[in-house]
Amino acid sequence: MGLMVLLCALWGLAQVAVKVGNAGIAPVLHCALRSLGAAALVLLWCRLRGIRLGMRDGSLGPGLLAGLLFAGEFLLIFAGMDRTTAARGVVFLYFSPFVVALGAHWFTPGDRLTGAKLAGLLAAFLGLALAFADSLRLPSARELEGDLMCLAAAVLWGATTVVIKASRLSRLPAAKTLLYQLVVSAAVLPPASLLLGESWTIRWAPLVAAALAYQVLIVASASYVAWFWLIARYPASRLAAFSFLTPVFGVAAGALLLGEPVTPVLAAAVVLIGFGIWLVNRPGPARPAG
């Protein structure tokens, strides 16, 4: 419980860090630098811990798939956050637990949809509808484009979690699972940045450097090792029992640190999505002994 609350706070603040870093680094290049730095740190960790990184465990196929999904997810997040606010982006990004719940129903034995989970999905869809309605009131279509990118990233995030849970990756050390994703994304994202015509001129400033360091050292390294350690040991759809806090932390961080507006409609969307996450992931009734 304590670890999940801490992770939620770190991930909520991460969206603000992305916005701040994007002020000095082109979005996809920014994401690539994050993956490169984090991959180096996780590789060092594996060496120090004696974690074997060979491919004879049959994990290469699912590892490459998870890595490609991870790369696509973060390309969309970083590009999306360049178009919309951190407060809005985190609301759409945290549709991910519902993708996990749907995927786990089909691919993870014993993790089935229930009436409560279906009610949670309905609450989440209502929350998304409110958030999109709020998007239509914004001054340009750029924010709506960013919102859609963050929603697509949520689908890829959920798919990555299901791939890990339903494959050999769930039986690997958490650091090796993470390293697959960081290495693949570090290889894929720089060419993607060039293909998208991004400038590789970086406007360094103390806040830009601090934002990148926070993402590399805290978010993409330490927090993800902890996350993959958790999803390898607990039911995928239950891990988000406290993840309704992340959009709350993210919206609050965007408002307090960046001065982003939080409309009543967006606040209602956060409440609905948070309530839906809680319904989807709340523990089931205890079975009687015997």
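Not measured: the values here are computed from a predicted model. (Residues numbered from 1 in each chain as written. Predicted model: local features only at pLDDT ≥ 70, side-chain atom pairs only at ≥ 80, totals over all residues. Heavy atoms only, no water.)

Colleague: Please clarify how the overall build of the protein should be interpreted in this entry.
Modeller: When its secondary structure is counted, the protein shows eleven helices and zero strands. Taking the principal axes of the C-alpha coordinates as reference, the protein spans close to 65 × 50 × 30 Å. By residue count, 53% of the 290 residues in the protein fall in the buried class. A separation of at least 24 residues holds for 88% of the contacts in the protein among residues at least 6 apart in sequence. Accessible area for the protein stands at about 13000 Å²; split by element, carbon and sulfur atoms hold 72% of it. (Helix = DSSP H or I, 4+ residues; strand = E, 2+ residues; numbered from the N terminus. Buried < 20%, exposed > 50% of the residue type's maximum accessible area, 1.4 Å probe, protein only. Contact = heavy atoms within 4.5 Å. Areas by Shrake-Rupley, 256 points an atom, 1.4 Å probe, with all protein chains shown as cover.)

Colleague: Sorry if this is basic, but what is going on with the pattern of salt bridges here?
Modeller: If charged atoms from side chains of opposite charge come close, those side chains can pair. According to the stated counting rule, one finds four salt bridges in the structure shown. In this structure, glutamate 145 engages arginine 83 in a salt bridge whose closest nitrogen and oxygen atoms are separated by 2.7 Å. Taken together, the residues glutamate 145 in helix α7 (residues 141-166) and arginine 83 in the loop between α3 (60-81) and α4 (86-93) connect sequence positions 62 residues apart. (Salt bridge = Lys/Arg side-chain N within 4 Å of Asp/Glu carboxyl O.)

Colleague: Sorry if this is basic, but what is going on with the packing of helix α6 (residues 115-135) against α7 here?
Modeller: Packed helix pairs are specified by the crossing angle of their axes together with the interaxial distance, meaning the distance between the axes. With their axes 9 Å apart at the nearest point, α6 and α7 run at an angle of 155° to one another. Judged on the interaxial angle alone, α7 and α6 are roughly antiparallel. Considering only the axes of α6 and α7, their crossing is right-handed. Residues Leu128, Phe132 and Ser135 of α6 lie in contact with α7, whose contacting residues are Leu144, Asp147, Leu148 and Leu151. Partitioned by chemical class, the residues of the contact of α6 with α7 number five nonpolar, one polar and one charged. (Axes fitted to C-alpha atoms, helices over the stretch in contact; angles between N-to-C directions. Parallel < 35°, antiparallel > 145°, perpendicular 65-115°, else oblique. Left-handed = near helix turned anticlockwise from the far one by under 90°. Nonpolar A, V, L, I, M, F, W, Y, C, P; charged D, E, K, R; others polar.)

Colleague: Looking at this structure, I do not really get a nonpolar patch on the surface. What am I missing?
Modeller: On the surface, Leu3, Leu6, Trp229 and Tyr234 cluster together into a nonpolar patch covering about 380 Å² of accessible area. For tyrosine 234, the location among the structural elements is in the loop between α9 (206-231) and α10 (245-258). (Patch = residues over 30% accessible without salt bridge, like charges linked within 9 Å, V, L, I, M, F, W, Y side chains within 5 Å.)

Colleague: Can you walk me through the packing of aromatic side chains in this structure?
Modeller: Describing an aromatic ring pair means giving the distance of the ring centres and the angle of the ring planes. Scanning the model with the defined rule gives five aromatic pairs in all. Taken together, a centroid distance of 6.2 Å and an interplanar angle of 90° make the contact between tryptophan 11 and tryptophan 157 edge-to-face. One end of the pair, tryptophan 11, is in helix α1 (residues 2-22); the other, tryptophan 157, is in helix α7, and 146 residues separate them in sequence. This pair shows no difference in class: tryptophan 11 is buried, exactly as tryptophan 157 is. (Phe/Tyr/Trp six-rings, centres within 6.5 Å; stacked < 30°, edge-to-face > 60°.)

Colleague: I keep staring at the side chain of threonine 85 and nothing clicks. Help me out?
Modeller: With respect to the helices, strands and loops of the structure, threonine 85 is situated in the loop between α3 and α4. With relative accessibility at 18%, the residue threonine 85 sits in the buried group. Here the side chain of threonine 85 touches arginine 88 through a polar contact of 3.0 Å, landing on its backbone nitrogen. (Polar contact = N/O pair within 3.5 Å; in protein donor to acceptor, adjacent residues only side chain to side chain.)

Colleague: Can you walk me through the side chain of threonine 246 in this structure?
Modeller: Among the secondary structure elements, threonine 246 is positioned in helix α10. Its relative accessible area of 0% is what places threonine 246 among the buried residues. Once you skip the residues sitting within four places of it in the chain, threonine 246 turns out to touch Cys8, Trp11, Gly12, Val90 and Tyr94.

Colleague: For this particular structure, what's the right way to read the environment of alanine 192?
Modeller: Relative to the elements of secondary structure, alanine 192 occurs in helix α8 (residues 174-195). Separated by 176 residues in sequence, alanine 192 and valine 16 place their C-alpha atoms 23 Å apart. Apart from the residues lying within four places of it in its own chain, the contact partners of alanine 192 are Val28 and Leu75.

Colleague: Help me out: how do you make sense of the nonpolar core in this one?
Modeller: Within soluble globular proteins, side chains that are nonpolar tend to cluster in buried spots. Of all hydrophobic cores here, the largest spans 72 residues; its most connected members are Val91, Phe95, Phe98, Tyr224, Trp227 and Phe228. Top element by residues in this core is α9. It accounts for ten residues. Once residues within four sequence positions are removed from consideration, phenylalanine 98 is found in contact with Gly120, Leu121, Ala124, Ile273, Gly276, Ile277 and Val280. The next biggest cluster of nonpolar side chains, apart from the first, holds six residues, and it includes Ile25, Leu29, Val208 and Val216. (Core = buried A, V, L, I, M, F, W, Y, C linked by side-chain atoms within 4.5 Å.)

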